[in-house]
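# Coordinates in review
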Amino acid sequence: MFAFILRRLIQAMVVMVAVAFIAFLLFQYVGDPVVFLLGQDARPEQIRELRSALGLDQPFFVQFWHFLVNAVQGEFGLSLRQGSKVSRLIAERFPATLELAVIAGLLALTVGIPMGVYAALRRGTFLSQVFMTISLLGVSLPTFLIGILLILVFAVLLGWFPSFGRGDTVQIGWWSSGLLTPKGWHHIVLPAVTLAIFQLTLIMRLVRAEMLEVLRTDYIKFARARGLSNRAVHFGHALKNTLVPVMTITGLQLGGLIAFAIITETVFQWPGMGLLFIQAVTFADIPVMAAYLCLIALIFVVINLVVDLLYFAVDPRLRVGTAGGH
């Protein structure tokens, strides 16, 4: 187990260094930060002084080393558009994105898994066909179109939910939460459903496929031959083994929810990191873009590590394979 964790940590460090290098290249090839800070009318001596102060006159790998050290400490400099520390901007926007992703992920799991199980156990029924049709639409329709349709129906025509913003929030230290206020929950419904639909349909189709595969295995036939009830076979044996690969995909999808919430946050003007990144791209705000890239990579690395450990703990075949081949 220790060797397994050590290998994963080394792989994670290599990935993060590679991502940090890619983020650092943004500073080198996507505009000149000195020009962004001083403007086009700056005098040559002002440009030289600021370059020296920022360390931009040093060799390439020296600059990258300083960038790497600062990135480990969570420092990415000042936003070229807002003039504030990037770490403070990320800290302000991260709670909104994480809460949106967690609610969307829970919604996708609590709805997608039962739908997938039903579609597998009741193949050919009318409701099963309805579920499969819904899943096909959820996979096919782009996220921005789903968001616009939900706004049109539930915000404009019915007036049940607000179409933008986060609502009232409660400040707990540096964390701002909208889940502690009624208006916060009211505002999060539409963006969470929009973000969850694709993941929900993906989980449903995966659970259905894995469930059908497990139900054809020999140990399920043996369980039926022992006289076990359908409930014990389906939920005590089949579903338990179905959820092992589902757990892996779900963990990766949570990282995807955080990383790719950009479209949903833009449609609903949700004040999270995705909207901040879109604004940074529009204004070529390189420090914010680099910080976002590194943070998303870190989230994926951590989630991958946690999923690997859970997979190692849940699947006994992996432990047996590492125990001398017994």
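Quick caveat: nothing in here was measured; it's all calculated off a predicted structure.

Rules behind the numbers
Residues numbered from 1 in each chain as written. Predicted model: local features only at pLDDT ≥ 70, side-chain atom pairs only at ≥ 80, totals over all residues. Heavy atoms only, no water. Core = buried A, V, L, I, M, F, W, Y, C linked by side-chain atoms within 4.5 Å. Buried < 20%, exposed > 50% of the residue type's maximum accessible area, 1.4 Å probe, protein only. Helix = DSSP H or I, 4+ residues; strand = E, 2+ residues; numbered from the N terminus. Contact = heavy atoms within 4.5 Å. Expected span 1.5 Å × (residues − 1). Arc of directions from axis to C-beta. Phe/Tyr/Trp six-rings, centres within 6.5 Å; stacked < 30°, edge-to-face > 60°. Axes fitted to C-alpha atoms, helices over the stretch in contact; angles between N-to-C directions. Left-handed = near helix turned anticlockwise from the far one by under 90°. Nonpolar A, V, L, I, M, F, W, Y, C, P; charged D, E, K, R; others polar. pLDDT = per-residue confidence, 0-100. Salt bridge = Lys/Arg side-chain N within 4 Å of Asp/Glu carboxyl O.

## Quick word on the nonpolar core
Membership of the largest hydrophobic core comes to 65 residues, with the highest contact counts inside it found for Phe67, Phe76, Met211, Met273 and Ile296. If you tally residues by element for this core, the top one is helix 5 (residues 86-121), at 15 residues. With near-sequence residues (within four places) excluded, phenylalanine 76 lies in contact with Phe67, Ala71, Val86, Pro287, Ala290, Ala291 and Cys294. In this structure, Ile146, Ile151, Leu190 and Phe268 belong to the second largest nonpolar core, which totals 6 residues.

## Things to note about the side chain of glutamate 99
The topology assignment puts glutamate 99 in helix 5. When its relative accessible area of 7% is taken as the criterion, glutamate 99 is described as buried. Residue contacts for glutamate 99: discarding those within four places in its chain leaves Arg166, Trp175, Ser176, Ser177, Gly178, Leu179 and Ile188.

## Examining the environment of glycine 274
Relative to the helices and strands, glycine 274 resides in helix 12 (residues 273-282). For the pair formed by glycine 274 and alanine 261, sequence separation is 13 residues and the distance between their alpha carbons is 5.9 Å. Residues within four places of glycine 274 in sequence aside, it is in contact with Thr97, Ile262, Glu265 and Tyr292.

## Quick word on helix 6 (residues 126-140)
Structural remark: α-helix, 3.6 residues per turn; residues separated by three or four positions point the same way. Counted at 1.5 Å a residue, the expected span for helix 6 with its 15 residues is 21 Å, and the 21 Å between its end C-alpha atoms agrees. For helix 6, every residue scored as buried is listed here: Ser128, Phe131, Met132, Ser135 and Gly138. The arc that holds every buried residue of helix 6, seen down its axis, measures 125°, which confines them to one face. Across helix 6 from its buried face, at more than 90 degrees, point the exposed residues Phe126, Leu136 and Ser140. On its buried face, helix 6 is in contact with helix 5 and helix 8 (182-215).

## Considerations on the packing of aromatic side chains
Aromatic rings in a pair are described by how distant their centres are and how their planes are angled relative to each other. Under the defined criterion, the tally for this structure stands at 6 aromatic pairs. One aromatic cluster is present, built from ring pairs that chain together Phe154, Trp160 and Phe161.

## With respect to the packing of helix 5 against helix 8
At a minimum axis separation of 5 Å, helix 5 and helix 8 run at an interaxial angle of 35°. Between helix 5 and helix 8 lies a crossing whose hand is right-handed. Split into classes, the residues belonging to the contact of helix 5 with helix 8 amount to 28 nonpolar, 3 polar and 2 charged.

## Considerations on the confidence of the model for the protein
Looking at the protein as a whole, its pLDDT mean stands at 79, while 89% of the residues score no less than 70. Mean pLDDT values over the elements of the protein span from 53, in helix 14 (residues 316-321), up to 89, in helix 7 (residues 143-157). Low pLDDT, under 50, characterises residues 322-326; the stretch is placed with 3 contacts to residues that sit more than four places away or in other chains.

## Remarks on the pattern of salt bridges
This structure, assessed with the given rule, holds 2 salt bridges. For arginine 88, the salt bridge identified is with glutamate 92, shortest N-O distance 2.5 Å. Of this pair, arginine 88 and glutamate 92 are both found in helix 5, 4 residues apart, which corresponds to roughly one turn of the helix. Assessed through its relative accessible area of 40%, arginine 88 is described here as partly exposed. Residue class for glutamate 92 comes out partly exposed when judged on its relative accessible area of 40%.

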